[in-house]
Structure formats: C-alpha cells, structure tokens
Amino acid sequence: MEIEIEEASGYIAVHGDFNVLSSAFYNGGYRSARTIVNLEVPSSFDGDAFQYFDSFLKAKNLSPEETVGMMTAVPMSDAQIINRGDISAVITAGISVPASPASSSTVNIILTIDRRLSQSAMANVLIVATEAKTAAFYDLDVRDRSGDFFTGDVTDSVAVACANRNRGEEEEVEVFAGKGTELGRSVYEVVREGVKAALV
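For clarity, every value in this text was computed on a predicted model and none was experimentally measured. (Residues numbered from 1 in each chain as written. Predicted model: local features only at pLDDT ≥ 70, side-chain atom pairs only at ≥ 80, totals over all residues. Heavy atoms only, no water.)

### Digging into the pattern of salt bridges
Counted by the stated rule, this structure contains 11 salt bridges. For the salt bridge of Glu-182 with Arg-115, the shortest nitrogen-to-oxygen distance reads 2.8 Å. A residue pair is termed long-range when its members are at least 10 positions apart, and Glu-182 in helix H3 (residues 182-199) and Arg-115 in the loop between strand S7 (106-113) and helix H2 (119-139) qualify at 67 residues. (Salt bridge = Lys/Arg side-chain N within 4 Å of Asp/Glu carboxyl O. Helix = DSSP H or I, 4+ residues; strand = E, 2+ residues; numbered from the N terminus.)

### Considerations on the packing of aromatic side chains
The tally for this structure, following the rule as stated, stands at 10 aromatic pairs. Between the aromatic rings of Phe-25 and Tyr-26, the centroid separation amounts to 6.0 Å while the plane-to-plane angle is 70 degrees, which identifies the pairing as edge-to-face. Exposure remark for Phe-25: the relative accessible area of 26% places this residue in the partly exposed category. Note on Tyr-138 and Phe-149: the rings are 4.9 Å apart at their centroids and 40 degrees apart in plane angle, and the pair reads as tilted. Residue Tyr-138 is located in helix H2, and its partner Phe-149 is located in the loop between H2 and strand S8 (157-163); the two are separated by 11 residues in the primary sequence. Residue placement shows Arg-143 over the ring face of Phe-149; its charged tip is 4.1 Å from the ring centre. (Phe/Tyr/Trp six-rings, centres within 6.5 Å; stacked < 30°, edge-to-face > 60°. Buried < 20%, exposed > 50% of the residue type's maximum accessible area, 1.4 Å probe, protein only. Lys NZ or Arg CZ within 6 Å of the ring centre and 35° of its normal.)

### Considerations on helix H1 (residues 49-60)
One full turn of an α-helix is made of 3.6 residues, so residues set three or four places apart face in the same direction. For H1, which comprises 12 residues, the first-to-last C-alpha distance of 17 Å matches the rise-based estimate of 16 Å (1.5 Å per residue) to within 8%. Those residues of H1 lying buried are Phe-53, Phe-56 and Leu-57. For H1, the angular spread of the buried residues around the axis is 100 degrees, confining them to a single face. Exposed residues lying more than 90 degrees from the buried face of H1 are Gln-51, Lys-58 and Ala-59. Residues of H1 that are buried make contact with strand S2 (11-22), strand S3 (29-40) and strand S4 (67-72). For H1, the capping residue at the N-terminal end is Asp-48, with a side-chain oxygen 2.9 Å from the backbone nitrogen of Phe-50. In the stretch just after H1, Asn-61 is the one whose phi turns positive, near 55 degrees. (Expected span 1.5 Å × (residues − 1). Arc of directions from axis to C-beta. Contact = heavy atoms within 4.5 Å. Polar contact = N/O pair within 3.5 Å; in protein donor to acceptor, adjacent residues only side chain to side chain.)

### Digging into a nonpolar patch on the surface
The grouping of Val-173, Val-175 and Phe-176 at the surface amounts to a nonpolar patch, some 270 Å² of accessible area in total. Along the polypeptide, Val-173 turns up in the loop between S8 and H3. (Patch = residues over 30% accessible without salt bridge, like charges linked within 9 Å, V, L, I, M, F, W, Y side chains within 5 Å. Areas by Shrake-Rupley, 256 points an atom, 1.4 Å probe, with all protein chains shown as cover.)

### Digging into the nonpolar core
Formed by 34 residues in total, the largest nonpolar core has its most connected members in Leu-111 and Val-187. Contributing elements (two or more residues each) for this core: strand S6 (87-94), S7, H2, S8 and H3. Element by element, the count of residues in this core is highest for H2, at nine residues. Ala-33, Val-68, Met-70 and Ile-110 belong to the second largest nonpolar core, which has 15 residues in total. (Core = buried A, V, L, I, M, F, W, Y, C linked by side-chain atoms within 4.5 Å.)

### Examining unusual backbone geometry
Across the chain, the bulk of peptide bonds are trans and the bulk of non-glycine residues have phi less than zero. Phi is positive for Asn-27, which is not a glycine, with a value near 60 degrees. Structurally, Asn-27 can be placed in the loop between S2 and S3. You will see that Asn-61, though not glycine, has its phi angle at about 55 degrees, which is positive. With respect to the helices, strands and loops of the structure, Asn-61 is situated in the loop between H1 and S4.

### Points about the packing of H2 against H3
Taken N-terminus to C-terminus, the directions of H2 and H3 make an angle of 40 degrees; their axes are 8 Å apart at the nearest point. In terms of axis orientation, H2 runs oblique to H3. For the pair H2 and H3, the crossing hand works out as right-handed. Contact with H2, carried on its side by Val-125, Val-128, Ala-129, Glu-131, Ala-132, Lys-133, Ala-135, Ala-136, Phe-137 and Asp-139, involves Gly-184, Val-187, Tyr-188, Val-191, Arg-192, Val-195, Lys-196 and Leu-199 of H3 and no other residues of that element. Of the residues contributing to the contact of H2 with H3, the split by class is 12 nonpolar, one polar and five charged. (Axes fitted to C-alpha atoms, helices over the stretch in contact; angles between N-to-C directions. Parallel < 35°, antiparallel > 145°, perpendicular 65-115°, else oblique. Left-handed = near helix turned anticlockwise from the far one by under 90°. Nonpolar A, V, L, I, M, F, W, Y, C, P; charged D, E, K, R; others polar.)

### Structural notes on the pairing of S2
For S2, a buried count of 11 out of 12 residues is recorded, marking the element as mostly surrounded by other parts of the structure. Pairing of strand S1 (residues 4-8) with S2 involves five bridges; the strand directions are antiparallel. Note that in S2 the partner of Glu-4 across the bridge is His-15. Here S2 pairs with S3 via 10 bridges, running antiparallel. Note on S3: the bridge partner recorded for Val-20 is Arg-31. In textbook terms, the turn of a hairpin is the stretch between consecutive antiparallel strands, and for S2 and S3 this stretch comprises six residues, one of which, Asn-27, has a positive phi near 60 degrees. With five bridges connecting them, S2 and S8 associate as antiparallel partners. Its bridge partner lying in S8, Leu-21 is registered against Val-160. (Pairing = 2+ DSSP bridges.)

This is the structure:
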C-alpha cells in the first residue's frame, strides 16, 4: 500500500487508497477514502466545523466524498510521525493543565496499516489505539481537576486505515488485530510512544 504523508502549515494529510474506520467528525465510521486530514484550527474556534472543513477541502481541491477529517487546536509542528514496519502513525496531542474533557484537550491519531484487515480487525486496532492512548496518560500521570486519571477528551479522534480491498488484488484478509496479536502489540507500542512524545 503506497501512502504519502503531506506535512503543511496548519494541516497534515495522509493520501492513499484506503478502507477507513474512524471516530472522525467528518465522514467518520467505515468507508473508502483517498485522504485523511488532521486540520489545525485556532484555539478560540467556535464556528461550524463542517463548513470550516468544507472550505478547507475546496481550497485544497480535495474530494469531500473521499476525505476523512479531524480537527484540533494542537499545532501541527508538534505532531509525531512514526513509521514502523507495516504501521505509520500521525499523532497530535494536547491537554489543558489540569486536564479537563470540557477544555482544549484533544488527541488525534491516524494509523495506516499496510495489510488487508476485516472490519472487525480494524475495530480491534481502534480499541488497542485507545488503550495505548490511555496508557500514555497513565505513564505521564495526567490527572483531571478531581485528581482522577485522565483518559481522554470528547473531541479525541482515531482513524484506522488499511489497503482498500475493494480496489486491489485478492489476498489474505486478517480478521484479528487485538493486543494479543503481533499487529496489535505493534500498534499499542507505536501509539503509546507517539502520544507520550506528542504530549511532552
């Protein structure tokens, strides 16, 4: 699977030919996509997220139907990009101090996996990535205002992308990707490492 990671002022775009399962606000869920975008917005942003993203896509000549999108106030210059084996990760992370789900705390994770995965395996990866994000918070002893461990924000997004089985040659499809598998363990390590580095 060929991918291109475009790093630009104000956004990072991952281009390819994917099946994507995500919690992204723009074209979330399960779909085919050509681009996954993490778009930086001002910390004071309170406008219509969909209109803002549509305007961005128009300016960049990207297809609204084939783009999955997430947004954050975290500067793209602080993004962590990790390539390890079949996995590429683009991670941005920012939290307020003290952490609060009601404030500007956002962790966005884009994972591309150069394998063909079933939808259930992609769901496994999304779960593993979320576990790893929470472990990174634990490693750094991130707590909320009440003193409880902070586990995430309402705006956090995870996108899991793999080779588009509908357009490529037939090959074996993996149906398991939990933490007990080699792939799941690798995802866990990459995300835990990336989220910690991004927060620091």
